Amino acid sequence: MNELLTPAETGEADRLTEAGGTPGLDLMARAGKAVADVAALMTRGPDTRIAVLCGPGNNGGDGFVAARLLRNVGFDVRVFLLGDKSALKGDAAEMARRWPLPIRAATPDALQSMYLVIDALFGAGLSRPIEGDAAELVEAVNASGLPVLAVDVPSGVDGASGEVRGVAIKARRTVTFFRKKPGHLLMPGRDLCGEVTVADIGIPESVLETLKPRLHENAPGIWISDFNWPTDGGHKYDRGHAVIVSGPALQTGAARLGARGALRAGAGVVTIVGNSTATAIIATQVTSIMVRSVSGAKALSEFLRDQRRNAVLIGPGASVGPDTVADVLAILKSSASVVLDADALTSFADPEDDGDRAEASMGFLARNGDRGPAQPSTLFAAIKGRQAPVVMTPHEGEFKRLFGELPGSKVERARTAAEQSGAVIILKGTDTVIAAPDGRAIINSNAPSWLATAGSGDVLAGIVTGLLAQRMPAFEAASAAVWLHGEAASAFGIGLIAEDLPDVLPKVLQKLYAEKPRGRR
Ligand SMILES: NC(=O)C1=CN([C@@H]2O[C@H](COP(=O)(O)OP(=O)(O)OC[C@H]3O[C@@H](n4cnc5c(N)ncnc54)[C@H](O)[C@@H]3O)[C@@H](O)[C@H]2O)[C@@H](O)CC1
Ligand SMILES: Nc1ncnc2c1ncn2[C@@H]1O[C@H](COP(=O)(O)OP(=O)(O)O)[C@@H](O)[C@H]1O
Ligand SMILES: [K+]
């Protein structure tokens, strides 16, 4: 159920279903019924006056069906059409014909003395920005403050990217069919959809075998079989040894957050390494986490020669500059799995990037006329030249510094970046996207708004490192980490600070453990 289908793939699913013998009119009838069922939940009783705004395509067709069914059970329903009834085609024309009352022109006046609006203007067939009269109508709906139920997607939201094309309806609820689309989860689409209901309209699951979707909504079902639980008789080193590279003395908090994330995620052993002043400070703060004074590229290479140290995180609080570049390149020469976050990414910023490059990076560039290895292409070559996986965890700013302005949706950008760099990319935000170099991608949807707090990204990078230490495959480890991180934040609730995240993880893990199939414990 977690597959996501673009509007084009949804159209293909419809076509395959019709080719299999189900008439399109039946699909539309079921779609309209699903809309009517949810609309009924949004009313305040039989006297509720409902405005159904229909567009020129099949989205409008669903609207005509919903209107008829709601009227049949006693609601006071008015139907308004954008465009000319004579221009309606196929199934939508047939469903308009079955509506027994007048069809009026869809203008802002349609909203007067209504209680609920059904938005059946545009769905998967939105092909250009909404302008003119249609835009005026959309703006009037939003200004009215009336509750809106959107059919398939709120009109104006691009189902593939979640972007607003021109203007878009702000819905309270959305009913979509068969599977969600990326636009239901990517911002700002997710916000505009409100609560999304996915209705079964008789499209068989077998169409997925033809479509082979490579994009999913994040859920444990995708990665839980790769999750490594402690086993009877296991040794702590069976659960891996995560190494967290600390920054200088005044920036050690980030490494500590990462280390605690890695340990709570189940790594058998976690060691923080750094220079002697930094590690002296860290040693007063940690207990089960080990600390070693290891500093500089050469010493890191030596330290990682021990292959039990099998996952390394560098970046949180690392500081931007040539030392971090050298450390990263040395770490990438090891056989460990590697997580690159924050300053480890910015240290390789593209000098051509004229955007919002970090101040620290600017200073570094100013001091380094000849950038030497400090450019994205050097980083990507080092990643592609190694065996063990690399996960990069940029937020949008860091992403832009490495990859510039890539075209397409957030999913497409993350996929391109994964392919270009050879790393699994966690492109963070409200709608974090995880993408693998082979084209698999996941959109995460469980992160609450209060997760946007200083240092929460450091904990995430630590969780990924902890799962990699346990030898979980990189794409699955990245997806699981993002999900656990979101779930932990939700479980804690509002008031969360980054320090809280690792300590809520056990609660989340225990629930997963309890739910997993017996015999796999
Ligand atoms: N068998 C099917 O294909 C099914 C389709 N369903 C519904 O059909 C919808 C898709 O139908 P369509 O492909 O007809 O597409 P839509 O109904 O979303 O819109 C297409 C129409 O809008 C016009 N249009 C697109 N963008 C516009 C803009 N910015 N300004 C003005 N006009 C614009 C197009 O020229 C076309 O006439 C789905 O969203 C879903 O609601 C459901 O009934 C389920 C079955
Ligand atoms: N509005 C939001 N809703 C939910 N999660 C968010 C939101 N904004 C950011 N996040 C998440 O919070 C974390 C912030 O990480 P990051 O940007 O690296 O900050 P920091 O460096 O302070 O840790 C990421 O996991 C990101 O996905
Ligand atoms: K719509």
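First, a word on scope: everything that follows refers to the structure included in this document. (Residues numbered from 1 in each chain as written. Chains lettered and ligands numbered in written order. Predicted model: local features only at pLDDT ≥ 70, side-chain atom pairs only at ≥ 80, totals over all residues.)

### Structural notes on the site of ligand 1
- Among the 27 residues in the neighbourhood of ligand 1, the closest are listed as Gly-57, Asn-58, Asn-59, Gly-123 and Gly-125.
- Mapped by element, the contributors of at least two residues to the shell around ligand 1 are helix H2 (24–41) and helix H3 (58–72).
- Residue contributions to the shell around ligand 1 peak at five residues, all from H3.
- Partitioning the shell around ligand 1 into residue classes produces 13 nonpolar, ten polar and four charged. (Near = placed C-beta within 6 Å. Helix = DSSP H or I, 4+ residues; strand = E, 2+ residues; numbered from the N terminus. Nonpolar A, V, L, I, M, F, W, Y, C, P; charged D, E, K, R; others polar.)

### A word on the nonpolar core
- Counting 166 residues, the largest nonpolar core has Val-52, Leu-53, Ile-118, Val-464 and Ala-478 as its most contacted members.
- With eleven residues, helix H19 (residues 474–492) is the largest single contributor of residues to this core.
- For this core, the domains that each give at least three residues are domain 1 (7–213) and domain 2 (241–357 + 373–514).
- Residues within four places of Val-52 in sequence aside, it is in contact with Gly-63, Ala-66, Ala-67, Val-77, Val-79, Phe-80, Ile-118 and Ala-120. (Core = buried A, V, L, I, M, F, W, Y, C linked by C-beta atoms within 7 Å. Buried ≥ 20, exposed ≤ 12 C-beta atoms within 10 Å, placed from the backbone. Domains from an automatic or database assignment. Contact = placed C-beta atoms within 7 Å.)

### Side note on the environment of Arg-256
- Note on placement: Arg-256 falls in helix H9 (residues 253–264).
- Owing to 25 C-beta atoms within 10 Å, Arg-256 belongs among the buried residues under this scheme.

### As for the site of ligand 2
- Around ligand 2, 17 residues are found, and the nearest of them are Lys-428, Ala-447, Leu-451, Ala-452 and Gly-457.
- The dominant element in the shell around ligand 2, judged by the number of residues it contributes, is helix H18 (residues 456–469), at four residues.
- Among the residues making up the shell around ligand 2, the classes are represented as six nonpolar, nine polar and two charged.

### Some details on the pairing of strand E2 (residues 76–81)
- Pairing analysis gives six bridges linking strand E1 (residues 49–54) to E2, with the strands arranged parallel. Bridge pairing in E2 places Arg-49 opposite Asp-76.
- Handedness of the crossover joining E1 and E2 through H3 is recorded here as right-handed.
- As judged from the three bridges shared by E2 and strand E3 (residues 103–105), these two strands associate in the parallel manner. Looking at E3, one finds that Leu-81 is bridged to Ala-105.
- Following the backbone out of E2, through helix H4 (residues 90–97) and into the adjacent parallel E3, one traces a crossover that is right-handed. (Pairing = 2+ DSSP bridges. Right-handed = clockwise from strand over helix to strand, strands pointing away.)

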